[in-house]
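Below, each chain spelled out in residue letters.
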Amino acid sequence: MLRPRIIPCLLVRDKGLVKTVRFRDGKYIGDPINAVKIFNEKEADELMVLDIDATRDGRGPDYSLIQRMAAECRMPLCYGGGVRNVDDARHIIGLGVEKVAISAAALERPALVTEIAAAVGSQSVVVVLDVRKKLVGARWEIMARNGTVGTGRCPVEFAGELETLGAGEIVVNSIDNDGAMKGYDLALADRVRRSTSLPLTILGGAGSLADIEGLVDRFGIIGAAAGSLFVFKGPYRAVLINYPGLAERDRIARSARVALGSGANEAMR
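This text gives an overview of the structure that appears in the document. (Residues numbered from 1 in each chain as written. Predicted model: local features only at pLDDT ≥ 70, side-chain atom pairs only at ≥ 80, totals over all residues. Heavy atoms only, no water.)

Focus: the environment of Glu-169
Stage number 1. For Glu-169, the location among the structural elements is in strand E10 (residues 169–174).
Stage number 2. Here Glu-169 is in contact with Arg-5, Lys-99, Val-125, Val-126, Val-127, Pro-199 and Thr-201, once residues within four sequence places are set aside.
Stage number 3. A polar contact of 2.7 Å, which involves the side chain of Glu-169, links it to the side chain of Thr-201. (Helix = DSSP H or I, 4+ residues; strand = E, 2+ residues; numbered from the N terminus. Contact = heavy atoms within 4.5 Å. Polar contact = N/O pair within 3.5 Å; in protein donor to acceptor, adjacent residues only side chain to side chain.)

Section: the pairing of E10
Look at any regular strand and the pattern is simple: side chains alternate between the two faces of the sheet.
Stage number 1. Burial of E10 is extensive: six of the six residues sit out of reach of the surface.
Stage number 2. Burial along E10 is two-sided: Glu-169, Val-171 and Asn-173 facing one way and Ile-170, Val-172 and Ser-174 facing the other are all buried.
Stage number 3. Pairing of strand E7 (residues 125–133) with E10 involves six bridges; the strand directions are parallel. By the bridge assignment for E10, Val-126 is matched with Glu-169.
Stage number 4. Of the pairings in the sheet, the one linking E10 to strand E11 (residues 200–203) comprises four bridges and is parallel in character. Opposite Ile-170, over in E11, you have Leu-200 as the bridge partner.
Stage number 5. At this point the chain moves from E10, through helix H7 (residues 186–195), to the parallel E11, and the crossover so formed is right-handed. (Buried < 20%, exposed > 50% of the residue type's maximum accessible area, 1.4 Å probe, protein only. Pairing = 2+ DSSP bridges. Right-handed = clockwise from strand over helix to strand, strands pointing away.)

A few points about the packing of aromatic side chains
Stage number 1. The final tally for this structure, using the stated rule, is two aromatic pairs.
Stage number 2. Measuring from centroid to centroid gives 6.3 Å for Phe-39 and Tyr-243, while their planes differ by 80 degrees, and the two rings are edge-to-face. Residue Phe-39 is found in helix H1 (residues 32–41), and its partner Tyr-243 is found in the loop between strand E14 (238–239) and helix H10 (246–261); the two are separated by 204 residues along the sequence. Taken as a pair, Phe-39 and Tyr-243 share a single burial class, namely buried.
Stage number 3. An angle of 50 degrees between the planes, with centres 5.4 Å apart, marks the rings of Phe-230 and Tyr-243 as tilted. Separated by 13 residues along the polypeptide, Phe-230 in helix H9 (residues 228–231) and Tyr-243 in the loop between E14 and H10 bring together distant segments of the chain. (Phe/Tyr/Trp six-rings, centres within 6.5 Å; stacked < 30°, edge-to-face > 60°.)

What to know about helix H8 (residues 209–219)
Stage number 1. By the burial criterion, the buried members of H8 are Leu-209, Ile-212, Leu-215, Val-216 and Phe-219. The buried residues of H8 occupy an angular sector of 120 degrees when projected down its axis, which confines them to one face.
Stage number 2. Remark: Gly-220 follows H8 within two positions and exhibits a positive phi of approximately 80 degrees. (Arc of directions from axis to C-beta.)

Observations concerning the nonpolar core
Generally speaking, a soluble globular protein has its nonpolar side chains buried in company with each other.
Stage number 1. Residues Phe-39, Leu-47, Val-113, Leu-162 and Ile-212 are the most contacted members of the largest nonpolar core, which totals 77 residues.
Stage number 2. Once residues within four sequence positions are removed from consideration, Val-113 is found in contact with Ile-102, Ala-106, Val-125, Val-127, Leu-162, Leu-165, Gly-166 and Ala-167.
Stage number 3. Among the nonpolar cores identified, the runner-up in size contains 14 residues, and Leu-11, Leu-50, Cys-78 and Val-171 belong to it. (Core = buried A, V, L, I, M, F, W, Y, C linked by side-chain atoms within 4.5 Å.)

Structure representation (structure tokens):
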């Protein structure tokens, strides 16, 4: 049976894990390999790891770190950061990673999505859209290079293009909600959901399991990703890796079935 995916998102900087707030002020939270081991024990549905400075700094993927994480990881792993071409994607998949995430490279040259899909399969191509609200004009804008460069692209329109290009999944990451733990941008999720039938994951803003349940209740089978929720505990944001138990995940899955019955749907994998 199809189920919503609950996905911890880990941010890598200088080989360590950090957590940002609105893409700024990264707080060190630990070692990525140790985090992978803990999420293994908690039987996470999937894991997303993003090297947030690689593209901005002009670096390629950290293959050594990727290899260590892939060897340790017992769940599907998605890795992004510094992927610039088909060879990068092939190398990452060859190390045992299930999905390759691209962002700035897909915006600069959309044909790369098609090329990587042909090389490793559409199911392994994830495009991450880092999105910020605009004060004037179009409601949202896709940002690039860790949120430092505006692209002028509308995420709703570009999501529709990605389906034609051969992407296998889209991650919509709200910069405004990142680390705020005040809930997802449901209006943004709704607009993108209506523009594409691709598997969709929403990231940015989850502060409680109720936020994830609300997302699933609204959209059905969808990816619910979170960073702060799974690395912090309590009002003082003490570092503690955590993840919902089976009973909590079953309750959230029931919300998805209700949503599907009311018309929400998403093809998965």
